[in-house]
Amino acid sequence: MPIVKLVSEYFGNEQAKSLDWYRQNGGYEAARRAIFEMAPKQVTDEVIKSNLRGLGGAGFPTGKKWSFVPADDSKPKYLTVNADEAEPGTFKDRYILEWDPHRLIEGIIICSWAVGIHKAYIYVRGEYVRPYRILKAAVEEAYKEGILGEHVLGADFKLDVHIHRGAGAYICGEETGLLESLEGKKGWPRLKPPFPAIIGLFNCPTVINNVETLSHLRNIILKGGEWFADIGVDRNGGTRLFALSGRVKRPGVYELPMGTPMRELIYEHGDGIAGDRQLKAIIPGGASAPVLTADQVDIPMTFDDLAKVGSMLGSAGIVVMDESVCMVKAMHTIADFFAHESCGQCTPCRQGTGWVYRIVSRILDGHGSVDDMKTLESAKKNMSGTSICALSDGAAMAYGGFLSKFPEEFEYHIKHKKCDLQEKRMAVA
Amino acid sequence: MPTITIDGQQVVVDAATTVIQAAEKLGIYIPRYCYHPGLSIAGSCRLCMVEIEKMPKLQIACHTRVTDGMNVITSSDKVKQARRAMLEFLLIDHPLDCPVCDQSGECDLQNFYMEIGRYDSRFLENKIKRKKAFSIGPHVMLDQERCILCSRCVRFCDEVSKTNELGIFSRGDRSFVDLYPGKELANIYSGNVIDICPVGALTEKEFRFQCRVWYLQSQDSICNGCARGCNIQIHYNTARPYKSEGRRILRLKPRFNPYVNRWWICDEGRYGYEFINKNRIEFPYLRRGGKLDLTDWDTVIEEVPRALKTALEHYGPEGIGVIASPQLSNEDLYLIRKVFGELMGVSDIGFKNPWEKPGYQDDFLVRADKNPNTRGAEEIGLTTNVQTILESAATGRIKVLYIFQHNFDAPEALELLDSIPGIIYQGSNWNQTAERAHVVLPAATYAEKDGSFTNFEGRIQRFCRAVPPLEESKTDFEILSLVAEKLEFPLVYNHPLDLFMEWQGKSYAEMDGFGEMISEQLREANG
């Protein structure tokens with residue numbers, strides 16, 4: 001499938017972040033049309049028609065999410081933009097913030113109009129210093145030109161946008177952890193229900209959308225929900241930004257229609273495996289997505305197709321591993337990440353991530369024990385479905401991928417106290 | 001109101017009830033660490049998971065609201081397996097040195113391990129090291145290694161004491177509970193965090209390593225520290241007098257009463273039991289040649305009635321003054337009214353120390369009136385002005401002055417006392433009033449007798465004897481009965497409960513366990 005540039009249209013264009021250029025190229029026309037020509041309900045309907053799904057990773061239908069916000073609530077409503085992109089292997093939102101910040105702001109206006117929101121917060125990952133500076137300049141420019149503020153685009157519609165920088169925690173990308181952090185508290189995810197659409201930021205109804213999700217709204221309003229839905233496949237509308245990394249010749253962000261097979265991404269757009277080695281494994285959607293083997297490379301990249309094979313599209317961060325990568329080491333890296341980033345609030349995640357990391361470290365150090373596989377398997381199981389948020393489930397899924405797809409590598413490490421691959425390489429040499 | 005089924009039993013509860021509360025109504029106890037009925041829901045220990053029909057995942061009972069027709073199973077194999085898993089996770093980094101831990105015997109890690117754990121350890125890794133037993137306040141020690149991060153103490157300081165000293169720092173398995181920088185756990189309710197800590201992380205400086213908890217005996221009682229009348233348990237040990245310097249009372253713990261103190265008590269009350277063990281009047285004393293001499297009960301039980309009888313014969317009831325005390329029980333005060341007021345005809349009976357200054361008070365538990373039974377004394381009607389009584393005694397109109405329990409230490413009071421020749425003092429501890437008496441009768445403390453206090457709201461609450469009166473001291477009831485007998489007054493009371501029966505028209509057994517309002521009007525107003 002060809003590259004379709006919807007949100008990546010201006011990537012690489014140095015002028016696009018200036019408001020003047022953006023407006024000269026049709027910018028804020030969608031927002032203007034939504035506010036002056038469409039009722040809020042019509043906007044939401046169009047988004048429902050588009051099959052746009054939450055592109056932060058969970059894939060929840062966006063229009064449906066908006067419709068959960070009670071219309072008759074007397075409390076103020078908030079929009080929170082999740083720009084805390086922290087999933088390992090994921091770096092797509094960064095491109096939008098750096099190259100095309102006004103597309104995001106336009107999306108914020110459209111969403112706010114549809115839901116009746118007058119205050120939006122953008123929660124930007126702490127490490128994203130450059131994206132933050134660019135976004136901040138864009139928001140300031142938008143205020144100056146009357147695009148944000150008391151009268152959005154001159155209409156009788158008020159909208160304020162605040163940018164908040166995170167302090168470096170993966171868990172603050174979890175919706176409710178993000179809300180807690182935004183409220184100035186420790187980023188501990190909340191118990192659900194209630195869901196943020198009913199009780200969210202400052203106890204008010206809140207919409208939380210990812211940067212990429214909101215950035216699609218401009219085209220959906222201009223060209224219609226059906227046009228967008230047609231680009232993708234059934235129930236997975238539009239395109240997706242795939243962040244390709246790992247052992248490929250041309251890593252980067254590629255915008256492709258939903259449903260593009262992984263093979264096309266890796267071998268055509270990514271130009272194949274570095275050093276022309278053999279493909280061994282693929283993580284298809286950020287660190288939490290269970291790893292796939294080389295023979296699964298033809299699976300189309302949609303939320304539903306990947307769920308069918310027990311993995312997930314998640315944040316669409318595709319990590320490619322070749323034959324020289326030790327899977328015990330790969331799992332060790334991921335286990336280290338989850339143990340480091342678990343917020344520590346609930347038992348299974350706090351203790352489980354730490355325990356798994358310690359066991360895999362021990363195996364890697366050559367002190368594996370025959371029962372380790374069984375212990376890892378049961379720790380994984382006990383971490384699934386028992387925690388407050390999805391971090392524990394995600395970690396357990398990731399562990400499960402390595403343990404079920406490459407058990408022989410773990411067993412070799414445990415039995416021989418060293419890595420199988422070192423020997424193989426020695427033999428080749 | 002929804003009807004829900006738990007383990008096959010049905011119960012009707014109101015819609016705001018959670019599964020854990022509904023289960024409690026049926027007498028089904030669901031294991032928990034983070035849940036506490038007096039705190040907000042944390043939902044983080046994940047131990048209270050239960051199976052709910054039509055829900056694929058296990059749900060936490062503390063946060064799940066009941067719905068009509070809900071069918072809950074609290075002890076299926078799936079539930080047991082999940083709880084065992086959570087316990088295993090919690091014990092990964094917990095020290096397994098129960099024999100040297102002071103919580104041993106009242107630790108929920110031990111309890112639930114024996115109930116639902118009982119697995120063999122699979123943990124081969126090194127445990128995470130943290131800061132061991134260190135002081136975080138005047139009463140509390142923290143051991144971060146023993147902490148399971150249930151956050152009860154943190155929520156207590158945020159929500160109940162509203163003092164915000166504690167927090168959970170760092171993240172993942174490196175998380176730990178600690179004080180915020182520059183803070184100290186010195187709020188006046190700090191001791192409660194020890195009670196709600198389910199493990200040995202927070203222990204009590206006054207109690208740790210004084211007595212293993214399985215040697216403790218327990219008696220329900222009422223705190224005598226102020227007019228609130230918080231419900232408590234007295235934990236004592238009478239079997240091992242050679243331990244802990246002979247301390248009999250080892251600690252006080254709050255006892256739940258929804259109308260008075262809920263689950264809590266203040267530190268002033270919690271640590272205010274020293275007087276039961278120390279500085280006690282242990283024997284009767286009689287003044288001979290200007291100084292108080294040790295004597296025996298036979299002598300004083302001759303001496304006191306004779307003095308009273310002489311005064312009555314020569315001067316009539318006006319010759320006698322009585323200063324009762326708001327520290328005494330309703331039964332004691334009722335008996336004083338009976339013996340002195342009704343049988344002897346004495347009208348000068350008061351109880352309130354006019355020099356006593358109101359103490360600290362807050363809008364939660366602590367009352368300015370540091371006496372447990374001021375309201376009871378008022379209701380029983382011992383209302384003569386104490387200063388007038390003392391002045392009448394000093395000018396010689398009153399010949400025999402009978403003082404109960406008071407410690408008059410104001411300079412003017414001491415001046416008056418110095419000029420009164422015939423003081424009979426009946427009390428539990430030595431003080432400046434006792435030292436100025438002619439006869440000193442050793443009385444029991446509230447922990448050593450049965451009775452009731454009426455709190456400031458008018459709630460009558462019963463307390464029971466935990467330990468016997470120290471040495472030769474006797475309860476006020478016993479002493480007054482002996483005096484009355486010598487005076488040949490026809491008393492028909494065998495026990496304080498007979499007095500209560502006469503006063504309130506009912507027995508202790510007929511009383512509500514949470515206490516009862518003193519009058520019909522109050523009963524109606526306060527439910």
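In what follows, the structure referred to is the one given above.
Our subject in this report is the structure included herewith.

Rules behind the numbers
Residues numbered from 1 in each chain as written. Chains lettered and ligands numbered in written order. Predicted model: local features only at pLDDT ≥ 70, side-chain atom pairs only at ≥ 80, totals over all residues. Heavy atoms only, no water. Buried < 20%, exposed > 50% of the residue type's maximum accessible area, 1.4 Å probe, protein only. Helix = DSSP H or I, 4+ residues; strand = E, 2+ residues; numbered from the N terminus. Arc of directions from axis to C-beta. Contact = heavy atoms within 4.5 Å. Salt bridge = Lys/Arg side-chain N within 4 Å of Asp/Glu carboxyl O. Polar contact = N/O pair within 3.5 Å; in protein donor to acceptor, adjacent residues only side chain to side chain. Pairing = 2+ DSSP bridges. Axes fitted to C-alpha atoms, helices over the stretch in contact; angles between N-to-C directions. Phe/Tyr/Trp six-rings, centres within 6.5 Å; stacked < 30°, edge-to-face > 60°. Lys NZ or Arg CZ within 6 Å of the ring centre and 35° of its normal.

Some remarks on helix α2 (residues 29–37) of chain A
Residue and element names in this part refer to chain A.
Point 1. For α2, the full list of buried residues reads Ala30, Ala31, Ala34 and Ile35. The arc that holds every buried residue of α2, seen down its axis, measures 125 degrees, which confines them to one face.
Point 2. Along its buried surface, α2 packs onto α3 (40–49), α6 (101–115) and α10 (217–223).

Some details on the interface of chain A and chain B
Point 1. Between chain A and chain B, the residue contacts involve 38 residues of the former and 36 residues of the latter.
Point 2. At the junction of chain A with chain B, the criterion picks out 4 salt bridges.
Point 3. The salt bridge partner of A:Arg358 is B:Asp173, with a shortest N-O separation of 3.2 Å.
Point 4. Taken together, the links from chain A to chain B amount to 24 residue pairs in polar contact (both at pLDDT 80 or more).
Point 5. Where the side of chain A that touches chain B is concerned, the elements lending two or more residues are α14 (327–341), α15 (347–364) and α16 (372–383) of chain A.

Description of the sheet that holds strand β2 (residues 9–12) of chain B
All names here are of chain B.
Point 1. Taken in spatial order, the 5 strands make up an open sheet running β2-β1-β5-β3-β4, and their pairing is mixed. A strand with exactly one partner marks an edge of an open sheet, and here the two such strands are β2 and β4 (59–60).
Point 2. Here strand β1 (residues 3–6) pairs with β2 via 4 bridges, running antiparallel. In the sheet register, Ile6 faces β2, and the bridge partner there is Gln9.
Point 3. Across the face of the sheet, helix α2 (residues 77–92) comes into contact with β3 (49–52) and β5 (71–73) while running at roughly 160 degrees to β3.

A few points about the sheet that holds strand β6 (residues 134–135) of chain B
By way of backbone hydrogen bonds, the strands of a sheet pair with one another, either parallel or antiparallel.
Residues and elements named next belong to chain B.
Point 1. With antiparallel pairing, 3 strands are arranged side by side in an open sheet as β6-β7-β10. Strands at the two margins of the open sheet, each flanked by one partner only, are β6 and β10 (202–204).
Point 2. The sheet contact formed by β6 and strand β7 (residues 140–142) spans 2 bridges and is antiparallel. Pairing of Phe134 across the sheet is with Leu142, part of β7.

Some details on the packing of aromatic side chains
Residue and element names in this part refer to chain B.
Point 1. Overall, the coordinates contain 37 aromatic pairs over all chains when judged by the stated rule.
Point 2. For the ring pair Trp214 and Tyr215, a centre distance of 6.5 Å and an interplane angle of 50 degrees mean the geometry is tilted.
Point 3. Classification of Trp214 as partly exposed rests on a relative accessible area of 49%.
Point 4. In this structure Tyr215 comes out as partly exposed when scored by relative accessible area, which is 35%.
Point 5. Between Phe275 and Tyr446, the aromatic rings sit 6.4 Å apart at their centres with planes inclined by 25 degrees, giving stacked as the arrangement. Residue Phe275 is located in helix α7 (residues 274–277), and its partner Tyr446 is located in the loop between β20 (439–442) and β21 (451–454); the two are separated by 171 residues in the primary sequence.
Point 6. Note on Phe275: relative accessible area 25%, which makes it partly exposed.
Point 7. Site record: aromatic cluster; members linked through ring pairs are Phe156, Phe256, Tyr259, Trp263, Trp264 and Phe514.
Point 8. When the ring centre of Phe134 is taken as reference, the NZ or CZ atom of Lys131 above it lies at 4.0 Å.

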